Amino acid sequence: MKGKRLYQLINELNKTEHRQLVNHCNLSSDKRAIALGELLRIRNLTETGFEKWLLLLVKSWNIQQSIEQEKKQRRWVDFACKEIEQLLLKNHFAESDARHYQLANLFDKRNHEELTTYYNEQSLQTASDEKNLNSILNGYDIQLRWLSRNQTKANIAQIGSLLVKRKQATELSYHEAMSYFYSVSSALYIDNPNAEAYKKIMPDEQQLLALRNDTSDEYSQILYLLAQTRFSFYQQPLFEQHLKETFIAIHNGKLNEGDKQRLERSCLYLRITGGLYYGFDLKKMIKHAEDMLVIMLRYKIYDSVGFFFLLFFVLVDNNLSKYDALLKKHKSAFFNNENTDYPLFLESLRIYLKEGSDKALGNLQKTCYSKSLYVAAWSKLLEIKIHAERNDDRFVKVLTTKAKRFIKTNSDHRLIAEPVLHVLNAFDQKKDDKIKKNNHTLFAYYAMFLKT
């Protein structure tokens, strides 16, 4: 799509920003801005509408050579993007105290002591209120540089006090960075636990415990605990123990409600992920996914995968009316042109559950090759199940062989590969008692395929 970034920027404008930009374009004599104003006045702008408008704009230039058309179009799109970016940045600095931070650095470089001191004090106050450690450290460094230029007795005493504060802020900043690092890397570890990268960076239980005990910052402590829980994912008793500890730490902590709920969402997500692998109770998984949806809507976190899981679990529970209601109410917020495989797969499963027919196969032919490993694997299972119910044993054999090859290629992804391979083996051997030989209870979707 040509001009995709411009289309996305326009859609991100709120009403006030949109009105500001239209007014700016109305007052401009620049033909490029006038054209942007025309685009902004189009109501309910869709991708198709945007592309058609852009094509008409190019034609209006009466340029015959396609290369020159492309050049001018790129220049115009770049201009329009910069107009929106400048407005957003201007509003950001006008509405926040980030300008104090920038002005403090500007006058520090210009070597103006009084203005540097004034704006640095303003910046430090804001940074302290917002707990922005990077800005705090920068402010302390500016103060230390100016104080060290004139080492009077009073200044030396102030330097000593500042160094103590600087050390405390440095330690907090270190744990803020490290807890975030381990939180992210542990989340990725679950999907690919055998990767060499994790062997190099993965801390043991004692190291993570030591890090938790070394910081007074409660948020970092919980992130370390969350990382510890994820790194123990494939040790079920330890995983469930740590997960319980994390929920308790969040509930009993003194963090603000927003931080608590965002951390709780991470724990709920982890509990759901555990359910996919260990086969936790489906009703509880639905409840966790519903609780997660409440948090996502409250804080405008439009996580497509999280919403997909809720719809998926509700369908597996065969509650079609609840599924329809949820999809109708929230589809536009969570699903877009970038993640069409999720609703396509769900539609196939719904058709299968309602009609028990092969009408679902049309979508499955697309979702079996989804970029999402979850969707691709679950689509392949459903495709095999449908053909098995048609007694097409020969084609079932072909599909099962292909699916096994797919799983072998993605065998490092234990979370999905192990239970799916278990189901495929049961399909291949036509033995329902294979479920009893699994290491743990199967997730309800997998168990559904092994029923007679």
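Keep in mind that this is a model prediction, so the values were computed, not measured.

### Concerning the overall build of the chain
Here's step 1: Within the chain one finds 23 helices and zero strands.
Here's step 2: Over its C-alpha trace the chain gives a radius of gyration of 28 Å, far above what one expects of a compact globule, namely 22 Å for 452 residues.
Here's step 3: Taken along its principal axes, the extent of the C-alpha atoms in the chain is 90 × 70 × 40 Å.
Here's step 4: Out of the 452 residues belonging to the chain, those deemed buried represent 45%.
Here's step 5: A sequence separation of at least 24 residues applies to 62% of the contacts in the chain between residues at least 6 apart.
Here's step 6: For the chain, the accessible surface area stands at approximately 25,500 Å², while carbon and sulfur atoms represent 49% of it.
Here's step 7: A distance of 4 Å separates the average location of the 67 positive side-chain charges in the chain from that of its 54 negative side-chain charges.

### A look at the environment of Ala388
Here's step 1: Among the secondary structure elements, Ala388 is positioned in helix α20 (residues 373–389).
Here's step 2: Looking at Ala388, the relative accessible area reads 27%, which means it is partly exposed.
Here's step 3: Put simply, Ala388 and Phe427 are 39 residues apart on the chain and 8.8 Å apart in space, counted from C-alpha to C-alpha.
Here's step 4: Residues within four places of Ala388 in sequence aside, it is in contact with Val396 and Phe427.

### Digging into the nonpolar core
Here's step 1: Core analysis: the largest hydrophobic core is formed by 91 residues, its most contacted members being Phe308, Phe312, Phe313, Trp378, Tyr445 and Tyr446.
Here's step 2: Among the elements that line this core, the one with the most residues is helix α16 (residues 304–316), at eleven residues.
Here's step 3: Not counting chain neighbours up to four residues away, the residues in contact with Trp378 comprise Leu276, Phe308, Phe309, Phe312, Phe345, Ile416, Tyr445 and Tyr446.
Here's step 4: Residues Leu13, Val22, Leu40 and Leu54 belong to the second largest nonpolar core, which totals 27 residues.

### Structural notes on the confidence of the model for the chain
Here's step 1: Residues with a pLDDT of 70 or more make up 96% of the chain, whose mean pLDDT is 91.
Here's step 2: Counting contacts from residues 431–438, a segment whose pLDDT is below 50, to residues more than four positions away or on other chains yields twelve contacts.

### Observations regarding helix α4 (residues 47–60)
Here's step 1: Taking 1.5 Å per residue, 14 residues should reach 20 Å; α4 reaches 20 Å between its end C-alpha atoms and fits that length.
Here's step 2: For α4, the full list of buried residues reads Phe50, Trp53, Leu54, Leu57 and Val58. Mapping the buried residues of α4 onto a view down its axis gives an arc of 140 degrees, with all of them on the same face. With respect to the buried face of α4, the exposed residues turned more than 90 degrees away are Lys52, Leu56 and Lys59.
Here's step 3: A positive phi of about 55 degrees marks Asn62, the residue just after α4.

### A word on the packing of aromatic side chains
Here's step 1: Within the structure shown, the criterion is met by 40 aromatic pairs.
Here's step 2: Between Tyr234 and Tyr277, the ring centres sit 5.2 Å apart and the planes meet at 85 degrees, which makes this aromatic pair edge-to-face. Separated by 43 residues along the polypeptide, Tyr234 in the loop between α12 (218–231) and α13 (236–252) and Tyr277 in helix α14 (residues 257–278) bring together distant segments of the chain. Like Tyr277, Tyr234 is buried.

### Quick look at helix α18 (residues 341–355)
Quick reminder: α-helices carry 3.6 residues per turn. Residues three or four places apart thus point the same way.
Here's step 1: Taking 1.5 Å per residue as the helical rise, α18 with its 15 residues ought to reach 21 Å, and the 21 Å between its terminal C-alpha atoms agrees with that figure.
Here's step 2: Inspection of α18 places Tyr342, Pro343, Leu344, Phe345, Leu346, Ser348, Leu349, Arg350, Ile351 and Tyr352 among the buried residues, and these make up the whole buried set.
Here's step 3: Summarising the contacts, the buried residues of α18 are in contact with α16, α17 (320–334), α19 (361–367), α20 and α23 (444–449).
Here's step 4: One or two steps after α18, the chain reaches Gly356, where phi turns positive at roughly 60 degrees.

### Focus on the state of the cysteines
Here's step 1: A full pass over the atoms with the stated rule returns zero disulfides.
Here's step 2: Summary of cysteine pairing: Cys81 is not part of a disulfide, and the nearest cysteine sulfur, belonging to Cys25, is at 13 Å.

Reading the values: rules and limits
Residues numbered from 1 in each chain as written. Predicted model: local features only at pLDDT ≥ 70, side-chain atom pairs only at ≥ 80, totals over all residues. Heavy atoms only, no water. Helix = DSSP H or I, 4+ residues; strand = E, 2+ residues; numbered from the N terminus. Rg over C-alpha atoms; globule rule 2.2 N^0.38 Å. Buried < 20%, exposed > 50% of the residue type's maximum accessible area, 1.4 Å probe, protein only. Contact = heavy atoms within 4.5 Å. Areas by Shrake-Rupley, 256 points an atom, 1.4 Å probe, with all protein chains shown as cover. Lys, Arg positive; Asp, Glu negative; His and termini not counted. Charge placed at Lys NZ, Arg CZ, Asp CG, Glu CD. Core = buried A, V, L, I, M, F, W, Y, C linked by side-chain atoms within 4.5 Å. pLDDT = per-residue confidence, 0-100. Expected span 1.5 Å × (residues − 1). Arc of directions from axis to C-beta. Phe/Tyr/Trp six-rings, centres within 6.5 Å; stacked < 30°, edge-to-face > 60°. Disulfide = S-S within 2.5 Å.

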